[in-house]
Amino acid sequence: MSNSETNNTENNSIKHITATVIFEGSALNRDEKIGGNILSIKKLKIGNTVVSFIGKPAIRHYLFETLRQAHGWKEAAVKVDNKVIQFDISKDDILTSHELDAFGYMYTISGQNSITRKAPIGITKAIGLNSYDGDISFYANHDLVRRAQQQGLNAAPNPYNKEEHVSFYKVSFTIDANIFGQDEWIVDEKPKYDNDNCELTITIQKPLETCLQKVEIDDQDEEIGSYSGKRYKKGDKKIIVDGTEVRVSTSLMDKKTKKEKEETSPLQFKSAKKKNNITVIDYEEEDGFYCFNLSEEPKYNETQKTLTLKLGAQKAIKNLNKKSEDSKDIYEYTQSGEEEKQNREPSAITVEPVGEKHKIIYKLSDIEKKKRIKDILEVIKDGMYAQSSGEPNTLIPLFLVAAAVKIPTPIFHSYLNLTGSNDHKTHEVTGLNDALDNSWIEKNSNKNIFIKGSERIKSRDISSENISTTWDGFLKAAGLDSQS
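Okay, so let's go over this structure. (Residues numbered from 1 in each chain as written. Predicted model: local features only at pLDDT ≥ 70, side-chain atom pairs only at ≥ 80, totals over all residues. Heavy atoms only, no water.)

1. Examining the sheet that holds strand E18 (residues 216-217)
Spatial ordering of the open sheet is given by E18-E19-E20-E21-E25-E24, a layout of 6 strands whose pairing is antiparallel. Only two strands of the sheet have a single partner each, and these edge strands are E18 and strand E24 (284-286). In the sheet, strand E20 (residues 237-242) pairs with strand E21 (residues 245-249) via 4 bridges, with the strands oriented antiparallel. In the sheet register, Ile239 faces E21, and the bridge partner there is Val248. (Pairing = 2+ DSSP bridges. Helix = DSSP H or I, 4+ residues; strand = E, 2+ residues; numbered from the N terminus.)

Shown next, in the form of structure tokens:
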């Protein structure tokens, strides 16, 4: 068996995983204001009961923030196009960024289809298990008012109200082992490899540039709406540059014929050469200006009186070793020396033709893939760092059930609920036996279910040979130990 086949066997041994957690916390995931000064909480109705919930974006934020602090996960680069904030895949990818690998992304390209990656981690809302009975509290900045008054200043309290709710919450996570650690792009041009510098350049969007002549710095004080940034002029036509965002007088550009698939007519500069003239698809028109984003900040040459504008996106990946196999080009990328020490294949980028286009496949090494998944599971098991409205929340599991599954779906979520004792100090999980009877749970290996309760939330005794008594045993059954 070849090294490649060995690696595929090892990767396929990693199971899909689902985990459901019950924790006690406060509804700090705020909603819109009510009546101007009442901070509301997110609520929904289940049957005849109103409960609070914490939305998926908040749970995603808390999970990533904990991974960042506990395991050194880094934030992926972002960019802003026409007020749309998105991850910048020209600077990061799933090999360099834990965040893009685990949480997915959508990268829109002007005039083209977007590059999208589904998140391998699925997250539900954290649903309250106790009814919300309309609790509300009154707050005011009395301490600051007192200090101001002691200094002889005129000050009065600024009161506000907050809806409050302390409850048990149920949240579920899934991990798709097939998507994790693998990504695919389709691009028009074949990536170019620089053998001397061991660098691969991928063209995401064909780069073009326009060089405007006879452009001067506009130092006049006249107001141009509320626009800020560097100001230039070409005759009586205005250009305002704020980072990569550009506003130009509409008379400086031509509208081209709109194609059937385009929602707006493309723009091109009137005086630029046709060969390299940029074509702008995504833009806004207001107050006599076209507003759009470029791939980088325009460069002004004061001596030559030129302003260069660039549109397009390329990605340069360094430290790659090229290996060819049939019609494919394979480039090895090593995160650390661990792959070589353990005789495992490193991360890799494969380029192969698909019709007239090219497919780029990113594949994470099995060692790094397992490490990232174990990082996530550890945070789910031990709790997440969460703070909102200046108050820490306790997303610490009082009950946890996790299992290796055939399909990455939250099978425990609908089954589980809580019943309370007479003193309401201890609770018991119900529905667990029904959940464990689900056929999506892997049954072909032992110890692939993990259950952990607490003094406050207990579960009934479950007798099953598939339940692991240790966390390490569960990880091994899920294919996540270092030797699997």
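2. What about the packing of helix H2 (residues 56-71) against helix H6 (residues 366-382)?
It is at 10 Å that the axes of H2 and H6 come closest, and there the two elements cross at 110°. With respect to their mutual orientation, H2 and H6 come out roughly perpendicular. The crossing of H2 and H6 is right-handed. Mapping the contact onto sequence places Leu63, Thr66, Leu67 and His71 in H2 and Asp375, Ile376, Glu378 and Val379 in H6. Of the residues that constitute the contact of H2 with H6, the class distribution is 4 nonpolar, 2 polar and 2 charged. (Axes fitted to C-alpha atoms, helices over the stretch in contact; angles between N-to-C directions. Parallel < 35°, antiparallel > 145°, perpendicular 65-115°, else oblique. Left-handed = near helix turned anticlockwise from the far one by under 90°. Contact = heavy atoms within 4.5 Å. Nonpolar A, V, L, I, M, F, W, Y, C, P; charged D, E, K, R; others polar.)

3. Description of the pairing of strand E5 (residues 49-54)
Note: strand E4 (residues 43-46) against E5, 4 bridges, orientation antiparallel. The residue bridging Lys45 from the neighbouring strand is Val50, located in E5. What sits between the antiparallel neighbours E4 and E5 is a turn of 2 residues, in which Gly47 has the positive phi angle 65°. For E5 and strand E11 (residues 126-128), the ladder comprises 2 bridges, and the chain directions are antiparallel. Pairing of Phe53 across the sheet is with Ile127, part of E11.

4. Focus on the nonpolar core
For soluble globular proteins, nonpolar side chains are generally found buried alongside one another. By size, the foremost hydrophobic cluster in this structure holds 43 residues, and its most contacted members are Ile59, Leu63, Phe103 and Ile376. Among the elements that line this core, the one with the most residues is H2, at 6 residues. Ranked by size, the runner-up nonpolar core spans 26 residues in total, among them Leu100, Tyr105, Tyr107 and Ile202. (Core = buried A, V, L, I, M, F, W, Y, C linked by side-chain atoms within 4.5 Å. Buried < 20%, exposed > 50% of the residue type's maximum accessible area, 1.4 Å probe, protein only.)

5. Focus on the sheet that holds strand E28 (residues 321-325)
Here 5 strands make up an open sheet; going across it, the order is E15-E31-E30-E29-E28 and the pairing antiparallel. On the outer flanks of this sheet lie strand E15 (182-187) and E28, each paired with one strand and no other. The mean angle between the axes of side-by-side strands here comes to 20°, regardless of whether they run parallel or antiparallel. With 6 bridges joining them, E15 and strand E31 (residues 357-363) adopt antiparallel strand pairing. Along E31, the bridge assignment pairs Asp183 with Tyr362.

6. Thoughts on the pattern of salt bridges
Counting across every chain of the model gives 26 salt bridges. Between Lys237 and Asp236 there is a salt bridge, and its shortest N-O distance comes to 3.8 Å. Of the charged contacts in the structure, one is a salt bridge between Glu368 and Arg372, with a shortest N-O distance of 3.0 Å. Residue Glu368 and its partner Arg372 are both found in helix H6; the two are separated by 4 residues, about one turn of the helix. (Salt bridge = Lys/Arg side-chain N within 4 Å of Asp/Glu carboxyl O.)

7. Notes on unusual backbone geometry
Its identity is not glycine, yet Lys214 carries a phi of approximately 55°, on the positive side. Mapping Lys214 onto the fold places it in the loop between strand E17 (199-212) and E18. The phi angle at Asn319 is positive, at roughly 60°, despite the residue not being glycine. Looking at where Asn319 falls in the secondary structure, it is placed in the loop between strand E27 (306-317) and E28. Taking the relative accessible area as the measure of exposure, Asn319 reaches 62% and is therefore exposed.

8. Points about H2
If you check H2, its first and last C-alpha atoms are 22 Å apart, about what 16 residues at 1.5 Å a residue would give, namely 22 Å. All of the buried residues in H2 are Ala58, Ile59, Arg60, Tyr62, Leu63, Phe64, Glu65, Thr66 and Leu67. Among the residues trailing H2, Gly72 stands out with phi positive, at a value near 75°. (Expected span 1.5 Å × (residues − 1).)

9. Thoughts on the side chain of Asp218
With respect to the helices and strands, the residue Asp218 is situated in the loop between E18 and strand E19 (230-234). The exposure class assigned to Asp218 is buried, which follows from its relative accessible area of 6%. A polar contact is formed between the side chain of Asp218 and the side chain of Lys238, at a distance of 2.9 Å. Setting aside its immediate chain neighbours within four residues, Asp218 contacts Arg231, Tyr232, Lys233 and Lys238. (Polar contact = N/O pair within 3.5 Å; in protein donor to acceptor, adjacent residues only side chain to side chain.)

10. Some points on the environment of Ser97
Mapped onto the elements of the fold, Ser97 is located in the loop between strand E7 (84-87) and helix H3 (98-103). For the pair Ser97 and Ala76, spaced 21 residues apart in sequence, the C-alpha to C-alpha distance is 6.1 Å. In this structure Ser97 touches Ala76, Asp92 and Arg372, once residues within four positions along its chain are discounted. A polar side-chain atom of Ser97 sits 3.1 Å from the main-chain amide nitrogen of Leu100.

Function cannot be read off these values alone, since they describe shape.
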